[in-house]
Amino acid sequence: MSSRYAPLFSPLRIGPVTAPNRFYQVPHCNGMGYRMPQALAAMRAMKAQGGWGVVCTEEVEIHPSGDIAPCFEGRLWSDDDIAGLQLMASSVKQHGALAGIQLVHNGVDAPNWYSRLAPIGPTAMGVIGGSGYEPVQTRRMDKRDIAQFRRWHRAAALRAKRAGFDIVYCYAGHGLTLPFHFLSRRFNDRTDEYGGALENRVRLLREILEDTQDAIGDRCAVALRFAVDELLGRDGIEADSEGRDVVAMLAELPDLWDVNISGWSNDSASSRFAKEGYQEPYIRFVKALTSKPVVGVGRYTSPDHMLSLIKSGVLDLIGAARPSIADPFLPNKIRDDRIDDIRECIGCNICVASDNKLIPIRCTQNPTMGEEWRRGWHAETIAPAASDNSVLIIGGGPAGLEAARALGQRGYAVTLAEAAIELGGHVRHLAKLPGLAEWRRVIDWRIGQLQKMANVNLYLDSKLSAEQVLEFGFQHVLIATGAHWRRDGRGRSYPFGIADAAANAGANALPRYTPDDVYAGRLPSGQVVIVDDDHYFLAGVLAEKLAAAGCRVTLVTSAPLVSYWSQYTLEQAGIQRRLLEQGVTLRTQHTVANIGEQQVQLVCTSTGRSESLACDAVLLVTDRLQDDTLYHALRPALERGQLSSLRLIGDAEAPQIIAQAVFSGHLAAREFDTDPVDEEAVGFRIERAAVPSSTG
Ligand code: ADP
Ligand code: SF4
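Here the structure is a predicted model, which means the values were calculated and not measured.

> I would appreciate a short explanation of the state of the cysteines in the present structure.
Put plainly, a disulfide is one covalent bond tying together the sulfur atoms of two cysteines. Under the counting rule described, the total for this entry stands at 0 disulfides. For the unlinked cysteine Cys-71, the closest cysteine sulfur is that of Cys-29, found at 7.9 Å. This cysteine, Cys-615, is not joined by any disulfide, and Cys-551 carries the nearest cysteine sulfur, 12 Å off.

> Any chance you could explain empty space enclosed by the protein here in plain terms?
A probe as big as a water molecule, rolled over the atoms, marks out the empty space that is left. Scanning all chains against the criterion turns up 2 cavities of 30 Å³ or more. There is about 80 Å³ of room inside the largest cavity. For the largest cavity, the lining is made up of 14 residues, of which Cys-345, Ile-346, Cys-348, Cys-351 and Cys-363 are closest to its centre. Going through the elements one at a time, helix 12 (322-326) and helix 14 (350-356) are the ones with two or more residues in the lining of the largest cavity. It is helix 12 that provides the largest number of residues to the lining of the largest cavity, a total of 3 residues. For the lining of the largest cavity, the class distribution of residues is 8 nonpolar, 4 polar and 2 charged. Taken as a whole, the second largest cavity spans an internal volume of roughly 50 Å³. Thr-368, Ala-379, Arg-405, His-666 and Arg-670 are, among the 13 residues lining the second largest cavity, the residues nearest its centre.

> Help me understand the pairing of strand 29 (residues 645-648), please; the structure alone is not making it clear to me.
Within a regular strand, side chains alternate between the sheet's two faces. By the alternation rule, side chains of strand 29 split into Leu-646 and Leu-648, which are all buried, and Ser-645 and Arg-647, of which none is buried. Here strand 17 (residues 476-479) runs beside strand 29; their pairing, made up of 4 bridges, is parallel. Residue Ile-479 lies in a different strand from strand 29, and its bridge partner there is Leu-648.

> How should the environment of Gly-298 be read in this particular structure?
Take Gly-298: it is sitting in the loop between strand 12 (294-296) and helix 11 (303-311). For the pair Gly-298 and Asn-260, spaced 38 residues apart in sequence, the C-alpha separation works out to 8.7 Å. Every residue in contact with Gly-298, bar those within four places of it in the chain, is listed here: Glu-276, Gly-277, Tyr-278 and Gln-279.

> Looking at this structure, how should I read the site of ligand 2?
In the region of ligand 2, 13 residues are neighbours, and Cys-345, Cys-348, Asn-349, Cys-351 and Cys-363 sit closest. The cavity where ligand 2 resides is the largest cavity.

> Explanation requested: the pattern of salt bridges in the structure shown.
Pairing is possible between side chains of opposite charge, provided their charged atoms come close. According to the stated counting rule, one finds 44 salt bridges in the structure shown. Notably, a salt bridge pairs Arg-185 with Glu-242, separated by 4.0 Å at the nearest N-O pair. Taken together, the residues span a long stretch of sequence, with Arg-185 in the loop between helix 4 (178-183) and helix 5 (198-201) and Glu-242 in helix 7 (residues 242-250) at a distance of 57 residues. Note on Glu-242: relative accessible area 13%, which makes it buried. One salt bridge connects Glu-639 with Arg-635, and the closest N-O pair in it is separated by 3.0 Å. Within this pair, Glu-639 and its partner Arg-635 are both found in helix 23 (residues 629-640), separated by 4 residues, close to a single helical turn. When its relative accessible area of 58% is taken as the criterion, Glu-639 is described as exposed. A single network of salt bridges, built from pairs that share partners, joins Asp-327, Lys-333, Arg-338, Asp-341, Glu-380 and Lys-452.

> Can you help me understand the side chain of Gln-365 in this one?
Its place among the elements puts Gln-365 in the loop between helix 14 and strand 14 (390-394). Accessibility expressed as a relative area gives 1% for Gln-365, which makes it buried. Separated by 2.8 Å, the side chain of Gln-365 and the backbone oxygen of Glu-344 make a polar contact. A polar contact of 3.3 Å, which involves the side chain of Gln-365, links it to the backbone oxygen of Arg-441. With residues near it in sequence (within four places) discarded, Gln-365 still touches Ala-326, Arg-343, Glu-344, Ile-346, Arg-441, Val-442, Trp-445 and Arg-446.

> Would you mind showing me how to read the sheet that holds strand 17 here?
Two pairing modes exist for strands in a sheet, parallel and antiparallel, and in both the strands are linked by backbone hydrogen bonds. Strands sit in the order 16-15-14-17-29 across an open sheet of 5 strands; the sheet is parallel. Pairing within the sheet leaves two strands with one partner each, and these edge strands are strand 16 (456-459) and strand 29. Going across the sheet, the axis of each strand differs from the next one's by a mean of 15°, ignoring polarity. Along the sheet, helix 23 contacts strand 14, strand 17 and strand 29; its crossing angle with strand 29, the most-contacted strand, is approximately 155°.

> Is there a simple way to explain the sheet that holds strand 23 (residues 585-587) in this structure?
Strand order in this open sheet of 5 strands is 20-27-21-22-23, and the pairing throughout is parallel. Only two strands of the sheet have a single partner each, and these edge strands are strand 20 (512-513) and strand 23. As defined by bridge partners, strand 21 (residues 527-532) adjoins strand 22 (residues 552-557) across 6 bridges and the pair is classed as parallel. Residue pairing in the sheet places Asp-532 in a bridge with Thr-557 of strand 22. Sheet strands touched by helix 21 (residues 538-548): strand 21, strand 22 and strand 27 (617-621). Its angle to strand 21, the strand with the most contacts, is close to 170°.

> Is there a simple way to think about the packing of aromatic side chains in this case?
The relation between two aromatic rings is expressed through the spacing of the ring centres and the mutual angle of the planes. Using the criterion set out here, one finds 12 aromatic pairs in the structure. Ring geometry for Tyr-412 and Phe-672: centres 4.9 Å apart, planes at 85°, overall edge-to-face. Of this pair, Tyr-412 sits in the loop between helix 15 (398-410) and strand 15 (413-417) while Phe-672 is found in the segment after helix 24 (658-671), placing the two residues 260 residues apart along the sequence. The pair Tyr-412 / Phe-672 is uniform in exposure class, with both members buried. Three or more aromatic residues joined by ring pairs form one cluster here, namely Trp-439, Tyr-536, Phe-537, Trp-565 and Tyr-568. Of note, Arg-75 hangs over the ring of Tyr-34, and the distance from its end group to the ring centre comes to 3.8 Å. Its end group placed over the ring of Trp-445, Arg-343 keeps NZ or CZ at 5.0 Å from the ring centre.

Rules and cut-offs
Residue numbers run consecutively from 1 along every chain, following the written order of its sequence. Chains and ligands are labelled sequentially in the order written, the chains with letters from A and the ligands with numbers from 1. With the structure being a predicted model, the display of local features is reserved for residues of pLDDT at least 70 and the display and counting of side-chain atom pairs for 80 or more, all residues being used for whole-chain, interface and lining totals. By convention in this description, side-chain values take in all heavy atoms of the structure and omit both hydrogens and water. Whenever a pair of cysteine sulfur atoms sits within 2.5 Å, that pair is classed as a disulfide. Only protein atoms enter the 1 Å grid, on which a cavity is a set of points fitting a 1.4 Å probe that cannot get out and a pocket is an open set with protein on both sides within 12 Å along at least 5 of 7 lines, lining residues being those with an atom within 4 Å of a point. Grid points are joined across faces, edges and corners, and a volume is the space filled by probe spheres set on the points. Only DSSP runs of H or I covering at least 4 residues are called helices, and only runs of E covering at least 2 are called strands; the numbering of each starts at the N terminus. Under this grouping Gly is polar, as are all residues other than the nonpolar Ala, Val, Leu, Ile, Met, Phe, Trp, Tyr, Cys and Pro and the charged Asp, Glu, Lys and Arg. Burial classes: relative accessible area under 20% of the type maximum marks a residue as buried, over 50% as exposed, and values in between as partly exposed (1.4 Å probe, protein chains only). Only strands that DSSP links by at least two bridges are regarded as paired with each other. By definition, residues are in contact when any of their heavy atoms lie within 4.5 Å. Neighbouring residues are identified by heavy atoms, a residue being near a molecule or strand if any of them is within 4 Å of it. Throughout, a molecule is located in a cavity or pocket provided that more than half of its atoms lie within 2 Å of its grid points. In the sections that follow, a salt bridge refers to a side-chain nitrogen of Lys or Arg positioned within 4 Å of a carboxyl oxygen of Asp or Glu. We call two N or O atoms a polar contact when they sit within 3.5 Å, provided that within protein one can donate a hydrogen and the other can accept it, with sequence-adjacent residues counted only if both atoms are side-chain atoms. Between N-to-C directions, angles span 0 to 180 degrees; the directions come from axes that are lines fitted to C-alpha atoms, helices contributing only their stretch in contact. Geometry of aromatic contacts follows a simple scheme: Phe, Tyr and Trp rings, the Trp one being its six-membered ring, pair when their centres are within 6.5 Å, and the pair is stacked under 30 degrees between planes, edge-to-face over 60, tilted otherwise. By the criterion adopted, a ring carries a charge over it if an Arg CZ or a Lys NZ lies within 6 Å of its centre and within 35 degrees of its normal.

Rendered as structure tokens:
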């Protein structure tokens, strides 16, 4: 290890336990939860193996009255829930890390759709969780309820200790938890000793900290996760007033302060909206008020930045969720002086989207994330080559690059041919759009790795035809030729495309643009209508780019919100705000019926009413068409036996998010040269609910 980073590797005492180093995986959701305990344990263990000194669970519900089903979080409702968490704790600890658990009661956030218990909170009010619009209210907790909550929390802490955890959290953050709801004036209108002045509102949090210390503090450290600022101004907790006061009041009570900003979209801000270290201005006061260790997050991937935080006394431990997802081996790579090998998080929040979509976690940068147990994938190692076969990969986008990298790592002789004069495929264009520069890390990391491999040859400016492929005599070919955007407007809201009414009437047709035109530097001008039927980030970010270039932009979407899918990445509100601030006109729940001369015909998706909208150009962000011609041209050669294998990967197979292109390339590399996959088989392990065997 370079002595330069030694401070990041010095052990640190946290209450009765000692962290082996300063790398701390803070609690994070993952869409697996209590449903997939083996997958979860394997995922967390990978991080411990990769050097994270503390590895925590996600939030773990302590009681069915704080149930946020259908989300899959942890559960510690009864002794029956201990086994799954015990597996996680022991899997983490076998690598020398400490295991942490974040206990939660979701209070006003929990609609209790599964348990069907009455939600509880400091005040009787509409539940804020779920969609945010659930027809459910809380019951105002009385003193008996408060005492009962304290007993549940204490019982859960004892179970956590039995499960083998070293650090047990009391959780008052993200606007999500009962103690936080008591703290916040927004949720607490009580007039008893739990309401009114901050000293009263903090009482419940103080009590559960004391209860937890009393119950398990002999062997476990008690951590407090606290949101010091909600970015809501005077309506919320603020770092320069109540946030600071809470830290001062409880300063020495927990063994560890885990501090951040709230809500989740602020804490997990995407790279489009926040850069590395964005939480520092809010949390840097904390260490001055407590002698206890402090951990904080900020999508830290730079070892020098981490070092400066420790040295300057801002933090004692470097907290991370996303950087540990993108690279479970980040600490070991710093330890081993392999800084260039760190696979840096790009801040796209696809990991977050997995949890919000109630599916197992995945990551754009790390295709093995979530696949540790079900596919047996290790984040760093891969089966060596099974033969001396060589492979030709055509297309150097994320799919082709990842396939080349993983096959190169296996030891195969790999040739990658890319038509353009630069590697990176569509991602190199995306990374030039407003706010998306960090997305280049997907291609830069892979190019960096490939350049170190003597067995991989990269050819640029090499557009290959089927004849050339056969002439070269390669036996194994992967086609990663990507996709392009449709110009006819076809998409899910436009099954017949968008008609050109002007051309049909013999008039001048309006110019149609696609994102590929913008990538190539052909920008529309004047009044531009963007038609979004993709619904993720692209139409929104193109609107931003065109508005900045002086266009008057109207964004038309059939969805009820612009960039609808970006709700799952926690970006929708920020995107909408930014577009409105830039003067973009938003026409939701509308489609474009046809494109006329100097205007388009807009139709309301509810009433069918139409209106015309004057414009100079139309930018169509609807469906993409696979560029699979080469694959189909080579298929006969495969059938003739002239090729031994031919596989279509990435967007050329089915256009999707970048994470899927990377995954597809990785999967192809893992499966290369293995026994043919049984087409009837699922292809990965599944965790199934145990069903008592029939006695009869
Ligand atoms: P993916 O997301 O699946 O990786 P991309 O569209 O990002 O797909 O990348 C596909 C890459 O394939 C592009 O860089 C494109 O230039 C390249 N490509 C397409 N056709 C050919 C071809 N015939 N020969 C070489 N490269 C090609
Ligand atoms: Fe980072 Fe994106 Fe991976 Fe999440 S999915 S860890 S934000 S690269």
